[in-house]
Amino acid sequence: MALLALLIVTAAGAAGTFLARGRAGVAPGVGIAALAAFVVAAVAMPADATLAVGAAQLVVTPYVRLWLIAAAVALLAVELVGRVRGGQRDLSFAALGGLGAAAVALTVTDGAAAVLAVTAAGCLGLVATLGGPITMPTLRVSADGLRSVAVAGAGALLAVAWIGDDAIFLSSGAVAAGTLLMAAALALRLGAVPLHVPLARLVETAHLVAVPLVAAWLPAAFAIVGLGWAQLVPAPVAGDLAGPRLIVALVAVVTIVAASVVVILDDDLARVLGYGLVADGGFVLLALAATDPAVWPAARTWLVCLALSRTVMALAILGLEGAHGTRRGRELHGWLRRTPSLGMALAIALLVGIGLPGMLPFEVRRTLAVLAVGEPLGALVLVLGALPLLPLARLAWVGAQAPGPAVAAGRSERLVMLPADETEPPAAGLARARMIVRRAALVWQLDQVPIASAVTGLLALAALAVALGVGGLAEAAAGPLPGAGPLPGL
Amino acid sequence: MAPIPIAAAILVLLGAAAALRAAHGRLTVVGLGVALLGLPLAVGGIPDPLVLAFRTIAVLLALLLLDHAVRRTTSLVGPIRLGGTTEVVLVLAAWLLALLLGSTMPDARGSAVALATAVALGTAGLTLLWFGHDTLRLGIGAMLALAAGATAVAAFGGAEGAALELALAGTLLAVAGTTAWLAVVGGRVRHDLELADRPRDLRDAG
């Protein structure tokens, strides 16, 4: 029943945000409240909740519960920052629709239904890309996004149909073809080279507020479903999958290297984010190239880390753009002095997205790289995958210098002091309440930069806690497989 | 071969051909409707009435959303990249080839008509996704491709349970909703459904 309650909360929230979206006065409150309700429902849901749908079941696992909580908290933070910044009104609807469909996809025990549900989530998420000012380039990247989601969904569905629970064709060649088809679907959805253009353009063109949902969390949900299928694929009757694995490994390594090089060369922080996401997708693909079963929990752990890291990074870039009016590194001289909490958030994003030896993100990336391509190539891939540290180190260096024109003309994180008549509330009850509301609205308008920075900083700290093992991400990822159904004896 | 699946498959093919060939937006939507509503019968077997009713309602709602998008923007859509007829011939050829291959399937659980219909719909869907240059055909292509994928599950002998049917219904609605959103929002920018700066038609290339 707890899972049903979560789905009802999601449906009600999505309907409420859709109906309220035209009303500027209530829409922000409804969107934030609906996402907060989703967080509460996900936290309250037991880690073994079930729901029967015909012969299939929706089965919650600790990992799925953790994923849903992490995604909902991250998207709540994005919604808060988006509302503070203004200009994006459809995120809450898209986020609730996407999260609801993703919840079904990650829990349903029918593989084909899971692929369809996660494809529906991808489509609903695209609505977020249309929330800001609309231009033809925005429209085209949204349309390309729909094309990618549909083609990847159809490909994954065909792979599941081809090699399902009770497959007709179970030869070595048939399993290899199915694996390659699923790998191609994953590559398209995660933006692996050479299929990276739609994702990279989307991150560059769409409103940054939409990026965490559309380019990180929902592709991650797709990857969880795809990797879950790959983990359960029966061993071939004859031969092995060396050929397909070699192709997937090659694509993954080229993706990591090429995207990391682009990140070094580019100055636009949105492109750094976009190609960083492409490189992250390469590490996910490495899971399909390995034979050791240890890659599956590592990949699932990495999918949470990458989505959290990229969400924090997107919010930090959004904060920099809001405070200083630019997202180009060379124009941000002195940003670290004026907005230090965004600097802290960016540093944490790197720790969660790349990590240090001994930290969860670093170890899962190392596991994926080494198990997929072996030593010493795995170590080389790991080093090349850390290349995005260089442009961000350059950004930190630029930020520590004296403020340039953009930063000097921008806002700092210091709170605006309200006038004296706004700070002394009257004694009468109703007038006092009205004054508090008025002050809150004034602070919301005047202190956009500090509020956005505070929300980003809090999300960064939460992400760091997850990366340090709080919440048991590694244990949950090593636990029951999402969508695999109840374990024998339960 | 049973006559009902064959008749339904022909209906599905006619619907897909209309979606590919028609230059009127509402006719394209009607073609999609015919293809999606006839699909459960082409797969073979009588579906659970409750699930069938749910799926039918979802398809009708999806058609309503697309029709709304067409009425809010323009009823005229340009020809698909190769003109439409070429694509229809491709879809028919794919159906015939898959029917031939499906008849030689080693396992009795598979269905040749379902496989042929899935392949034909998949070809139509991917053709629209690849060659379509307007929002409407993009959405219709996505819906046909996903419906083809779901049909392939039954064609390869998989169990077509309630979860799959419900998920397909929900996904078709989600795709139609997103397409309608794209079309209506895009209509504010350029008042039609076109995505390219200028519709590209290879017949004019020479």
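From a predicted model like this one, the values you see are computed outputs, not experimental measurements.

### Describing the overall build of chain B
Within chain B one finds seven helices and zero strands. Counting from the amino terminus, chain B carries its helices and strands in the arrangement α-α-α-α-α-α-α. Put simply, chain B has 206 residues, and 56% of those count as buried. When contacts within chain B are restricted to residue pairs at least 6 apart in sequence, those whose partners lie at least 24 apart make up 75%.

### A few points about the overall build of chain A
The helix and strand tally for chain A stands at 22 helices and two strands. Within chain A, the fraction of its 490 residues that count as buried is 59%.

### Some details on the pairing of strand S2 (residues 56-59) of chain A
Across four bridges, strand S1 (residues 50-53) of chain A lies against S2(A) in antiparallel orientation. Bridging from a neighbouring strand, Ala52(A) pairs with Gln57(A) of S2(A).

### A word on helix H21 (residues 448-467) of chain A
Residue and element names in this part refer to chain A. Taking 1.5 Å of rise per residue, 20 residues should cover 28 Å, and H21 covers 28 Å from first to last C-alpha, within 8% of that figure. Most of H21 is tucked away, with 16 of its 20 residues classed as buried. Of the residues one or two after H21, Gly469 is the one with positive phi, at around 105 degrees.

### Notes on the environment of Gly429(A)
Among the structural elements, Gly429(A) can be located in helix H20 (residues 429-446). Residue Gly429(A) is classed as exposed on the basis of its C-beta count, with 8 C-beta atoms lying within 10 Å.

### Focus on the interface of chain B and chain A
Counting from both sides, the interface comprises 40 residues of chain B and, opposite them, 38 residues of chain A. Elements with a contribution of two residues or more to the side of chain B that touches chain A: helix H5 (112-131), helix H6 (135-155) and helix H7 (162-190) of chain B. Per-element tally for the side of chain B that touches chain A: the top contributor is H7(B), with 18 residues.

### Regarding the nonpolar core
Of all hydrophobic cores here, the largest spans 272 residues; its most connected members are Ala105(A), Ala117(A), Leu157(A), Ala221(A), Leu285(A), Val312(A) and Ala16(B). For this core, the leading source of residues is helix H12 (residues 295-324) of chain A, giving 19 residues. Ignoring anything within four residues of it in the chain, the contact list for Ala105(A) reads Ala114(A), Ala117(A), Val118(A), Ala121(A), Ala221(A) and Val225(A).

### Some thoughts on the packing of helix H6 (residues 136-162) of chain A against helix H8 (residues 197-205) of chain A
All names here are of chain A. The geometry of H6 relative to H8 is characterised by a closest axis approach of 9 Å and an angle of 145 degrees between their N-to-C directions. Of the two elements, H6 crosses H8, and the hand of that crossing is left-handed. Together, Pro137, Thr138, Val141, Asp144, Gly145 and Ser148 of H6 and Pro198, Arg201, Leu202 and Thr205 of H8 make up the contact between the two elements.

### Notes on the confidence of the model for chain A
Averaged over every residue, the pLDDT of chain A is 87; the share at 70 or more is 91%. Across residues 486-490 of chain A, where pLDDT falls below 50, the model places three contacts with residues more than four positions away in sequence or in other chains.

### Some remarks on unusual backbone geometry
Residues and elements named next belong to chain A. The linkage connecting Val193 with the following residue, Pro194, adopts the cis geometry, with an omega of 10 degrees. Of note, the bond from Glu375 into Pro376 is cis; its omega dihedral lies within 30 degrees of zero at 0 degrees. Examined against the element boundaries, Pro376 turns out to sit in the loop between helix H15 (360-373) and helix H16 (377-385).

### Quick notes on the confidence of the model for chain B
All names here are of chain B. This prediction gives chain B a mean pLDDT of 84; 87% of its residues lie at or above 70. Note that pLDDT drops below 50 for residues 199-206; the model gives that stretch 10 contacts with residues more than four away or on any other chain. Quick note on the complex model: pTM equals 0.92, ipTM equals 0.91.

### Topic: the packing of H6(A) against helix H7 (residues 172-190) of chain A
Relative placement of two packed helices is described by the angle separating their axes and the distance separating the axes. All names here are of chain A. Two numbers describe how H6 lies on H7: the axes approach to 8 Å, and their chain directions differ by 160 degrees. If you check the angle between H6 and H7, you find them roughly antiparallel. At the point where H6 passes H7, the crossing takes the left-handed sense. Residues Ser148, Val151, Ala152, Gly155, Ala156, Leu158, Ala159 and Trp162 of H6 touch H7, and the partners they reach there are Ala174, Gly178, Leu181, Met182, Ala184, Ala185, Leu188 and Arg189.

### Let's talk about the environment of Val248(A)
Residue and element names in this part refer to chain A. Considering the arrangement of structural elements, one finds Val248 in helix H10 (residues 242-265). With 26 C-beta atoms counted inside 10 Å, the residue Val248 sits in the buried group. For the pair Val248 and Pro391, spaced 143 residues apart in sequence, the C-alpha to C-alpha distance is 28 Å. Apart from residues no more than four positions distant in its own chain, Val248 is found in contact with Ala183, Leu285, Leu288 and Ala289.

Rules of the game
Residues numbered from 1 in each chain as written. Chains lettered and ligands numbered in written order. Predicted model: local features only at pLDDT ≥ 70, side-chain atom pairs only at ≥ 80, totals over all residues. Helix = DSSP H or I, 4+ residues; strand = E, 2+ residues; numbered from the N terminus. Buried ≥ 20, exposed ≤ 12 C-beta atoms within 10 Å, placed from the backbone. Contact = placed C-beta atoms within 7 Å. Pairing = 2+ DSSP bridges. Expected span 1.5 Å × (residues − 1). Core = buried A, V, L, I, M, F, W, Y, C linked by C-beta atoms within 7 Å. Axes fitted to C-alpha atoms, helices over the stretch in contact; angles between N-to-C directions. Left-handed = near helix turned anticlockwise from the far one by under 90°. pLDDT = per-residue confidence, 0-100. Parallel < 35°, antiparallel > 145°, perpendicular 65-115°, else oblique.

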